[in-house]
Amino acid sequence: MEKIQSIRKSKTIDYSDKRIERFWLENNTHSSQQTADYHTILIEAVSNSTNSVICIQSEQIDDSELIKALYKASKNNRIYILSNDKPLTLKNLAGCCLLRYGVKSIGSFILINAGMQDSAGYLFTAPFLESSFASSNIMLTLDADQTKTLFRFFCNAFWNKASHEIIDDFNSATSVEASPLDFLPNINDFCCKDYVKKECTIPFEQALVMIPELRKGSLIDYTTATNSTILIQFGNIDEQTLAEITKNKNELYALKNIFAQFLLTENGKSFLVPKPYISEADSIFALELNDTQKAMLIQNIRSCIDNPAYRYLHTGKRSEYAGCTIYFTSDTKKAVHLKAQSDIELAAVSCTQLFERHVFENQEPQFQDDGVSCSIRYSWEVQPFFLPNGAKKARLYDEWEAIEQSYKAFCDMLKQNIDEAGTRNITERLKRFFLGKNQKFTQYKTKLNELETKQLSTLEKIERKNIINTVNEIRQNISSDKKDIDNEIKKAAIDDTIADLEHKKSIKEKEFDNLQKTLQNKLREKEDEIHALQQELAGLEKEMKAAAEEAGKEVVDGKEQKNNG
């Protein structure tokens, strides 16, 4: 007897319906938005200004082309520049522009002739750096009222808050002295910190919000939002806060970078904070948007929502996101890649006793879900319990193998009969009949697939008898249903023949009726001709009779005349 050998086994388990709860879905097709050529717009606005007052405020300025344009424009304009720190890149502007620094400004803006009829203004959501113009920042063209409000904000910061100024010598910055004029701070407008905080913390719904992080105490109080869409920067998300705001039916999306803060409402006030991260020490303002600006920013955010870098989902089936990357936290280092299929090699199963063959072949290890695959094909080795030397295989094993093979072959033959019966060509009016039969065939086939997996050698006698009886009953039902199908097809053929003959009969009857009508019409025509001739003959007879009477009268009259003569 040959030594029992180890066998290789495999099993595939479907996990596609497993649900994933509370996760971020990464969008692999996300791409950054293309921005307008804001750089050229600013250069042209400065270059085309003449006899104007130009006010510039920015955290930093290093864009060489903008600096050159300011240098040229300084010959025909008065230019005031305010930055946070000493602007080393503006060394060449000393003496031709009045430079001040030492404030905590946010964003950038350029104001031209503020308060005049030809005023112009531009707000940029980043410092005036070469790198800023190359990224996805935005710029808004300001209306006259916005320009005037920002001009007051600029004057207060330039004359009252700046710590140093550079007049002629760049290397000799001097401390700012008292302001030559009284410039009052903004009150109750979008450059007033108290006004901005009040307006941005009013509870709102059905709004579009963009903020850098979910953090309590933010300028825009997202915790009061309901039925709104919120965009944040991925990686700065507090999980507890996230759970709280999703309870209010808010949709969450995330981008890799946030360039500003927005609060956009359809009917209420809308604001833009031109910097993502701000502190209490910053000179905060939030541009109150006009309808044109609001429409542009709503379109901008809508495009981000249509193609976000990340989207927060409450639940979903694993199969729906096969091939995608998800995150259970906002830590970009903890990405989870969902797979359509995986192969896992498991530890060998070592048998500790001598099993019958079918038991040995069905030894399985513990199957563990990896949490990321829709389907896993597990492979392992089954190592037998070895018999003593000289042991022989009983003939009963071969007999049972032959029975099992015959049983499976019989089941396969029945399933083939089902397939053949279910693929018969049928007419349209038999489809309903075949639908019922196909439902039965499906049930038969499902039952046969189930019965075919039974190992007869492992069952009790009564169980084997029940299975054989069930298989024979299915065989009889298949035979009966096939006869019903044949009879229905024959009946349908006879009905079609009868219908065809009835149709031909109807055609002949119509032809006979038409011929009969034609003959009747011809007979009526002849009768009419005879009647006309009879009338004509009668008329002639009357004329002849009248003529004869007239002739007789003339004869009598002639005799009377002769007698009288």
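In this text, all values refer to a predicted model and were calculated from it rather than measured experimentally. (Residues numbered from 1 in each chain as written. Predicted model: local features only at pLDDT ≥ 70, side-chain atom pairs only at ≥ 80, totals over all residues. Heavy atoms only, no water.)

Caption draft 1: Up close: the overall build of the chain. When you go through the chain residue by residue, the secondary structure sums to 11 helices and 22 strands. What you see for the chain is a C-alpha radius of gyration of 50 Å, clearly larger than the 24 Å of a compact globule of 565 residues, by over 25%. With the C-alpha coordinates aligned to their principal axes, the bounding extent of the chain is approximately 165 × 150 × 40 Å. For the chain, the residues scored as buried account for 38% of the 565 residues in total. Put simply, of all contacts in the chain between residues at least 6 apart along the chain, 68% involve residues at least 24 apart. Accessible surface computed for the chain: about 33,700 Å², of which carbon and sulfur atoms make up 49%. Separation between the mean location of the 73 positive side-chain charges and that of the 83 negative ones in the chain comes to 6 Å. (Helix = DSSP H or I, 4+ residues; strand = E, 2+ residues; numbered from the N terminus. Rg over C-alpha atoms; globule rule 2.2 N^0.38 Å. Buried < 20%, exposed > 50% of the residue type's maximum accessible area, 1.4 Å probe, protein only. Contact = heavy atoms within 4.5 Å. Areas by Shrake-Rupley, 256 points an atom, 1.4 Å probe, with all protein chains shown as cover. Lys, Arg positive; Asp, Glu negative; His and termini not counted. Charge placed at Lys NZ, Arg CZ, Asp CG, Glu CD.)

Caption draft 2: The arrangement of the nonpolar core in detail. Ranked by internal contacts, the top residues of the largest apolar core, which has 105 residues, are Trp-24, Ile-81 and Phe-262. Top contributing element to this core by residue count: helix α4 (residues 144–161), with 7 residues. Ignoring anything within four residues of it in the chain, the contact list for Ile-81 reads Ile-56, Ile-61, Leu-70, Leu-90, Leu-93, Cys-97, Leu-98, Leu-99, Arg-100 and Phe-158. Residues Leu-414, Leu-448, Val-471 and Ile-478 belong to the second largest nonpolar core, which totals 16 residues. (Core = buried A, V, L, I, M, F, W, Y, C linked by side-chain atoms within 4.5 Å.)

Caption draft 3: Fine view of the packing of aromatic side chains. One pass over the full model with this rule turns up 22 aromatic pairs. Consider the rings of Phe-23 and Tyr-321, whose centres lie 5.5 Å apart with planes at 70 degrees: the pair is edge-to-face. Of the two residues, Phe-23 sits in strand β2 (residues 19–26) while Tyr-321 sits in the loop between β17 (310–317) and β18 (325–327), which places them 298 residues apart along the sequence. In this structure, Phe-23 and Tyr-321 share a single accessibility class: buried. For the pair Phe-109 and Phe-154, a centre-to-centre distance of 6.4 Å together with 75 degrees between the ring planes defines the contact as edge-to-face. (Phe/Tyr/Trp six-rings, centres within 6.5 Å; stacked < 30°, edge-to-face > 60°.)

Caption draft 4: View of the sheet that holds β18. With respect to topology, 10 strands assemble into an open sheet ordered β16-β15-β14-β11-β12-β13-β17-β2-β18-β19, the strand pairing being mixed. Looking at strand neighbours, the two that pair on one side only are β16 (287–288) and β19 (336–337), the edges of this open sheet. Of the strand pairs in this sheet, strand β15 (residues 271–273) and β16 are connected by 2 bridges, and their pairing is antiparallel. Pairing of Phe-271 across the sheet is with Glu-288, part of β16. Helix-sheet contacts for helix α5 (residues 193–200) involve β14 (261–265), β15 and β16, and the interaxial angle to β15 is about 120 degrees. (Pairing = 2+ DSSP bridges. Axes fitted to C-alpha atoms, helices over the stretch in contact; angles between N-to-C directions.)

Caption draft 5: Local environment of the packing of helix α1 (residues 38–47) against helix α2 (residues 64–73). With their axes 9 Å apart at the nearest point, α1 and α2 run at an angle of 10 degrees to one another. The angle between α1 and α2 falls in the class roughly parallel. When α1 is examined against α2, the residues His-39, Ile-43, Val-46 and Ser-47 are found in contact with a partner set consisting of Glu-65, Leu-66, Ala-69, Leu-70 and Ala-73. Grouping the constituent residues of the contact of α1 with α2 by class yields 6 nonpolar, 2 polar and 1 charged. (Parallel < 35°, antiparallel > 145°, perpendicular 65-115°, else oblique. Nonpolar A, V, L, I, M, F, W, Y, C, P; charged D, E, K, R; others polar.)

Caption draft 6: Quick peek at the environment of Glu-165. Tracing the backbone through its elements, the reader meets Glu-165 in strand β9 (residues 164–166). Residue classification places Glu-165 among the buried residues on the basis of a relative accessible area of 13%. Taking C-alpha positions, Glu-165 is 9.9 Å from Ala-94, a pair spaced 71 residues apart along the chain. One polar contact links Glu-165 to Arg-100, side chain to side chain, over a distance of 2.9 Å. (Polar contact = N/O pair within 3.5 Å; in protein donor to acceptor, adjacent residues only side chain to side chain.)

Caption draft 7: Region of interest: the pairing of strand β4 (residues 78–83). For β4, a buried count of 5 out of 6 residues is recorded, marking the element as mostly surrounded by other parts of the structure. Judged from the 6 bridges that link them, strand β3 (residues 53–58) and β4 form a sheet pairing that is parallel. Looking across to β4, one finds that Ser-58 is bridged to Ser-83. The parallel pair β3 and β4, bridged by α2, forms a crossover whose chirality is right-handed. (Right-handed = clockwise from strand over helix to strand, strands pointing away.)

Caption draft 8: Here's a closer look at the environment of Glu-205. With respect to the helices and strands, Glu-205 occurs in the loop between α5 and β11 (207–210). Through-space distance from the C-alpha of Glu-205 to that of Trp-159 is 40 Å; in sequence the pair is 46 residues apart. Setting aside anything within four residues of it in sequence, one finds Glu-205 in contact with Thr-226, Asn-227 and Ser-228.

Caption draft 9: View of the sheet that holds strand β6 (residues 108–112). Overall, mixed pairing links the 8 strands, which are arranged β8-β7-β6-β3-β4-β5-β9-β10 in an open sheet. In this open sheet, the two edge strands, each paired with only one partner strand, are β8 (139–141) and β10 (174–175). With 2 bridges connecting them, β9 and β10 associate as antiparallel partners. Across the sheet, the residue bridging to Glu-165 is Thr-174, located in β10. Set on the sheet, α4 makes contact with β3, β4, β5 (98–101), β6, β7 (120–124) and β8; between it and β4 the angle comes to about 70 degrees.

Caption draft 10: Structural view of the state of the cysteines. Enumeration according to the criterion identifies 0 disulfides in this entry. Summary of cysteine pairing: Cys-96 is not part of a disulfide, and the nearest cysteine sulfur, belonging to Cys-97, is at 4.2 Å. Residue classification places Cys-96 among the partly exposed residues on the basis of a relative accessible area of 24%. No disulfide involves Cys-304; its nearest neighbouring cysteine sulfur is the one of Cys-200, lying 19 Å away. (Disulfide = S-S within 2.5 Å.)

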